[in-house]
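A structural walkthrough
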Amino acid sequence: MRDGLSLSQSSLTGLFHFRLLEGEKWRKKEPAILKTHFGSVRPTDERAVLTATAQAQRLLDLLHIMVTEKEVEMIGRTLVDSQQPLKDRFRALFTLRNLGGPAAIDWIGKTFADDSALLKHELAYCLGQMQDERAIPILIEVLQDIREALGAIGNPKVLDILKQYADDPVIEVAETCQLAVKRIEWLQENQDKPITGPYCSVDPAPPAEEVDVGKLRQALLDESRPLFERYRAMFALRNMGGEAAVLALADGLQCDSALFRHEIAYVLGQMQHEAGVPQLTASLESAAENPMVRHECAEALGSIAKASCLATLQTYAQDKERVVRESCEVALDMYNYENGTDFQYADGLSKLKTSD
Ligand SMILES: [Fe+2]
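Residues numbered from 1 in each chain as written. Predicted model: local features only at pLDDT ≥ 70, side-chain atom pairs only at ≥ 80, totals over all residues.

The name recorded for the protein chain in an unreviewed UniProt entry is Deoxyhypusine hydroxylase, from Phrynosoma platyrhinos. Its UniProt record gives the protein chain a comment under Pathway (unreviewed entry), which states: "Protein modification; eIF5A hypusination." UniProt lists a comment for the protein chain under the heading Sequence similarities (unreviewed entry), and it reads "Belongs to the deoxyhypusine hydroxylase family." (UniProt positions renumbered as here; feature names shortened; annotations may be inferred.)

Written as structure tokens, this is what we have:
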């Protein structure tokens, strides 16, 4: 075969799309494709085919990186664009979280300039879930809003910063930092214990080892115990699942700490069990409840997505609190997703593919 293999961008793109479309058939058709695109390679000349294939593969890898960066950029543009519907920006955010990498982290970081408190709250959540230490500088910069996510990364580098805020006068900030410190310390002491469970979220505490629902419920609701222990009971109940665990957790929506109630609503959303709907609805409807708790109740109802959730979400999509209104808007989109035919919620990539 000739030296200095040269290929036009369009034939590479054609080859790339062919390979995407044909999957494993590619291997069988390789010699014929190479003949078309590489001119002088004879399918019978095995060594020439192998060399051409290796070169083509390197070029294809390069092209793949280019395509991916371009896609990340387009999804990132949707995320930062305050003119886009919030539900599309949420889907873009969760797509970037799944894609990962420095470009995705940058786009999420840029979006902290947005004025939606809900969006910023979810940006921090996603950066924490990505567990990528390249997010640390961004998180430190916007520390006032995002200490919760730092705890989720579980990196000892942030321990000192978290300790500084463990006595913050804002109780939710202090509690978040106390939990994050405990979690990092626990991880350091229990490096050999894998945290397993049916959910893939990174939780602020590992599940308790207790398996008795009654005892876990008691630990969960005992205001005199350290928050970290009560969180451990919470995640043990969640992992256990079933109606009794859901009802025990829902009782936690009456506890003193707003941070704790917010987390209870979050796990009830993860469990997607209808038994939690009345208590979540009551908290969303309560004007006296903290807006961040009401926001999480709305998202939980969107995720449970039963007919019994719909009217409440539609009503509170008009709430006077912006974070509640926006959460209901996002929750209604989640409800539609759960009850519709979309293959995935984080569909930023497939949306790009269909608009090609
Ligand atoms: Fe939340």
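**Let's talk about the packing of helix α10 (residues 171–189) against helix α12 (residues 227–240)**
Between α10 and α12, whose axes approach to 9 Å, the crossing angle comes to 75°. The pairing of α10 with α12 is recorded here as roughly perpendicular in orientation. Contacts from Glu175, Gln178, Leu179 and Lys182 of α10 reach α12 at Leu227, Phe228 and Tyr231. Classifying every residue of the contact of α10 with α12 by side-chain character gives four nonpolar, one polar and two charged. (Axes fitted to C-alpha atoms, helices over the stretch in contact; angles between N-to-C directions. Helix = DSSP H or I, 4+ residues; strand = E, 2+ residues; numbered from the N terminus. Parallel < 35°, antiparallel > 145°, perpendicular 65-115°, else oblique. Contact = placed C-beta atoms within 7 Å. Nonpolar A, V, L, I, M, F, W, Y, C, P; charged D, E, K, R; others polar.)

**Thoughts on the nonpolar core**
Counting residues in each nonpolar core, the largest one holds 75 residues, and the members touching the most others are Leu127, Leu237, Leu249, Leu268 and Leu301. Those residues within four positions of Leu301 in sequence are excluded, and the remaining contacts are Val277, Leu280, Thr281, Leu284, Cys309, Thr312, Leu313 and Ala331. (Core = buried A, V, L, I, M, F, W, Y, C linked by C-beta atoms within 7 Å. Buried ≥ 20, exposed ≤ 12 C-beta atoms within 10 Å, placed from the backbone.)

**Looking at the confidence of the model for the protein chain**
For the protein chain, the average pLDDT comes to 80, and 76% of its residues sit at 70 or higher. Here residues 1–43 scores under 50 on pLDDT; set against residues more than four positions off or in separate chains, the count is 42 contacts. (pLDDT = per-residue confidence, 0-100.)

**As for the environment of Pro278**
Here Pro278 is to be found in helix α15 (residues 277–285). Residue Pro278 is classed as exposed on the basis of its C-beta count, with 11 C-beta atoms lying within 10 Å.

**Examining α10**
Its 19 residues give α10 an end-to-end C-alpha distance of 27 Å, which sits within 8% of 27 Å, the value for a rise of 1.5 Å per residue. Along α10, the positions that sit buried rather than exposed are Glu175, Thr176, Cys177, Gln178, Leu179, Ala180, Val181, Lys182, Arg183 and Ile184. (Expected span 1.5 Å × (residues − 1).)

**Quick word on unusual backbone geometry**
Positive phi values are uncommon outside glycine, yet Gln131 reaches one of about 50°. Examined against the element boundaries, Gln131 turns out to sit in the loop between α6 (117–130) and α7 (136–141). The exposure class assigned to Gln131 is partly exposed, which follows from the 13 C-beta atoms found within 10 Å. A positive phi angle, near 50°, is found at Gln272, a position not held by glycine. Mapped onto the elements of the fold, Gln272 is located in the loop between α14 (258–271) and α15.

**A look at the UniProt feature "binding site: Fe cation 1" (unreviewed entry) in the protein chain**
The UniProt feature table records "binding site: Fe cation 1" (unreviewed entry) at His121, Glu122 and Glu148. By the secondary structure assignment, His121 is in helix α6. Structurally, Glu122 is set in helix α6. Glu122 gets classed as buried once you count the C-beta atoms within 10 Å, which come to 22.

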